[in-house]
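An overview of the molecular structure
One-letter residues, chain by chain:
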Amino acid sequence: MNFIETRGNDGEHPLKVSFSSAILAPIASFGGIYIPECLPQLGEDFLQKHVNSGYKTLAKAVLEAFEIDIESEVIDEALSLYDHFDDPANPVPLVKVKHDLYVSELYHGPTRAFKDMALQPFGVVLSSLAQKRNENYLIMAATSGDTGPAALETFKNRANVQVACLYPDGGTSDVQRLQMVTEDAENLKVIGIHGDFDDAQNALKRLLGSAAFKAKLKEKNIHLSAANSVNFGRIIFQLIYHIYSYLELLRQDVISMGEKVYLDVPSGNFGNALGGYYAMKMGLPVEKILIASNKNNVLTQLIKYGQYDLRNMSVVSTSSPAMDILKSSNVERILCDMFGTERTKELMANLDNDNHYELSAAELAQFQTIFAADFCEDEEGKQYIKEAFNGGYLMDPHTATCFKAYDTCRDKPLTTIAYSTAEWTKFSPTIANALTGELDTSDIDALKSIAKEANISIPDIISGLFDKDVTQKTVINKQDIEQEILAFL
Ligand SMILES: *Cc1c(COP(=O)(O)O)cnc(C)c1O
């Protein structure tokens, strides 16, 4: 299977690239990204065949349908990382919350957030490609809290790969910071910066685009890449769990084969939702994909009114920080799939130049056959957390946004799969506040009070963080980042 570009071709990039090229160099002509040339069709016989398959078997079959240029043994090794999830036989549990609402829990990996679903296997694939080509890669990441730990965890001690991870000092939760600064592998460098997430993100973008920086890396024989979700190598692993969750509903006798369901996705960069869209296009019986946002509600505006408008918007901090995003990179792949490269190039140029684009009425109608959307304010989110808890389900603030979308976006009484993207342990102060009203608690106190309220224990992997040595002590000004990274290499 080949990959083509979302914004058309500039005559310098190749017209089509293989999967491995698309993941090693994810940026295409005119700043576009790569999408599969066509999608394999899986259909009912595929679903029937895999009704009783385990996660890895299903994943292997989906990846095989894409005919990617990665050796079978490498794929097996990549998928074996799901064996380190809480329950290797069922890495993505599906839990019933109310009569037709089921939660698919994507956070049972090593860093307790959904980023592990894709980054765990992706680390193996990328490192193996680098080894095979005898090349060395510097992977850069800027994180507001979940991508950083997941990227460090997957690349630690892997050959031919080094990671530099930038985070805003004071801008993450204690648990997220400890997950990063207690990593001590030699190929990892964690850098706190005085500033916010935007400063970290801008520093990353500047370095990724800097010819001088790349020249200095070249002297050291190092290529530069990034671990963000525009990389199709992450997306491909994010389609599998949508199919798996559907099969899980069949196994639990909740639905019958072919019955349509809603997918309900807490969205930021739209990678998770895009995985659902591809699964639907490949034949999964989905009625609609519900896009849940927080107060940074650009996606709601787009899907309701056809306007992507950042002209009077700036990012606001919410209690679901992994969704505090205005430029949602993966929407571009949907635009391209629906409206073609010419139109995508035009719309993305409008966004880059004017901070705004508008879909035509026909385009909006097409969007709305697939998507519905709503956003959830922090206060409402806390009520959903409390309500779910009273009904016996403990969830994090990102997951809570889906419960609003479940209430407001469905027009048919169909079974709904909501995705839970983080464990309660990662955003404990908000949850403690929702459950007990306590304010301004530290992570460790919040963890303890939730554990007490819920009568559960704090997972060792989280409580252990507070006793680990801090090995990554660098906290610097943003103008010193480049020098710090070069010194590390
Ligand atoms: C990354 C993340 C999201 C957003 O996912 P996208 O694929 O970027 O839309 C939601 N919740 C949590 C906890 C995350 O870490």
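It should be noted that the structure appears before, not after, this text.
First things first, this report covers the structure right here in the doc. Given the structure is predicted, the values throughout are model-derived calculations rather than measurements. (Residues numbered from 1 in each chain as written. Predicted model: local features only at pLDDT ≥ 70, side-chain atom pairs only at ≥ 80, totals over all residues. Heavy atoms only, no water.)

Along the backbone of the protein there are 21 helices and 15 strands. Whereas a compact globule of 489 residues would reach a radius of gyration of roughly 23 Å, the protein reaches 21 Å, a difference of no more than 12%. Considering the protein as a whole, with its 489 residues, one finds that 60% of them fall into the buried category. Contacts spanning at least 24 positions in sequence make up 75% of the contacts within the protein whose residues lie at least 6 apart. Entry remark: accessible area of the protein is about 18,800 Å², with carbon and sulfur atoms responsible for 46%. (Helix = DSSP H or I, 4+ residues; strand = E, 2+ residues; numbered from the N terminus. Rg over C-alpha atoms; globule rule 2.2 N^0.38 Å. Buried < 20%, exposed > 50% of the residue type's maximum accessible area, 1.4 Å probe, protein only. Contact = heavy atoms within 4.5 Å. Areas by Shrake-Rupley, 256 points an atom, 1.4 Å probe, with all protein chains shown as cover.)

What follows is about helix H19 (residues 443-454). It helps to recall that an α-helix has 3.6 residues per turn; residues three or four apart then point in one direction. Compared with an ideal rise of 1.5 Å per residue, which puts twelve residues at 16 Å, H19 spans 16 Å between its outermost C-alpha atoms and is within 8% of the ideal. Along its buried surface, H19 packs onto helix H7 (174-181), helix H18 (428-436) and helix H20 (460-463). Trailing H19 by a residue or two, Asn 455 shows a phi angle of about 60 degrees, which is positive. (Expected span 1.5 Å × (residues − 1).)

Among the nonpolar cores identified, the biggest contains 150 residues, and Val 62, Ile 243, Ile 289, Tyr 357, Phe 367 and Phe 371 are the most heavily contacted of them. Not counting residues up to four positions away in its chain, the partners in contact with Val 62 are Leu 42, Phe 46, Leu 239, Ile 240, Ile 243 and Met 282. The next biggest cluster of nonpolar side chains, apart from the first, holds 19 residues, and it includes Leu 138, Ala 164, Leu 166 and Leu 204. (Core = buried A, V, L, I, M, F, W, Y, C linked by side-chain atoms within 4.5 Å.)

This part takes up the side chain of Asp 264. By the secondary structure assignment, Asp 264 is in strand S9 (residues 261-266). No salt bridge forms around the buried Asp 264; measuring N to O, its nearest opposite-charge neighbour Arg 410 is 7.4 Å away. Those residues in contact with Asp 264 that lie beyond four places of it in its chain are Leu 290, Ala 292, Cys 402, Ala 405, Tyr 406, Thr 416, Ile 417, Ala 418 and Tyr 419. (Lys, Arg positive; Asp, Glu negative; His and termini not counted. Salt bridge = Lys/Arg side-chain N within 4 Å of Asp/Glu carboxyl O.)

Turning our attention to the site of the ligand. The environment of the ligand is made up of 15 residues, and the closest members are Lys 115, Asp 146, Gly 268, Asn 269 and Thr 421. At a separation of 2.6 Å, an oxygen atom of the ligand approaches a polar side-chain atom of Lys 115. Take Gly 268: an N or O atom from its main chain is 2.7 Å from an oxygen atom of the ligand. Considering the ligand on its own, with 390 Å² of exposed area, one finds that the protein chains cover 97% of that surface. (Near = heavy atom within 4 Å. Polar contact = N/O pair within 3.5 Å; in protein donor to acceptor, adjacent residues only side chain to side chain.)

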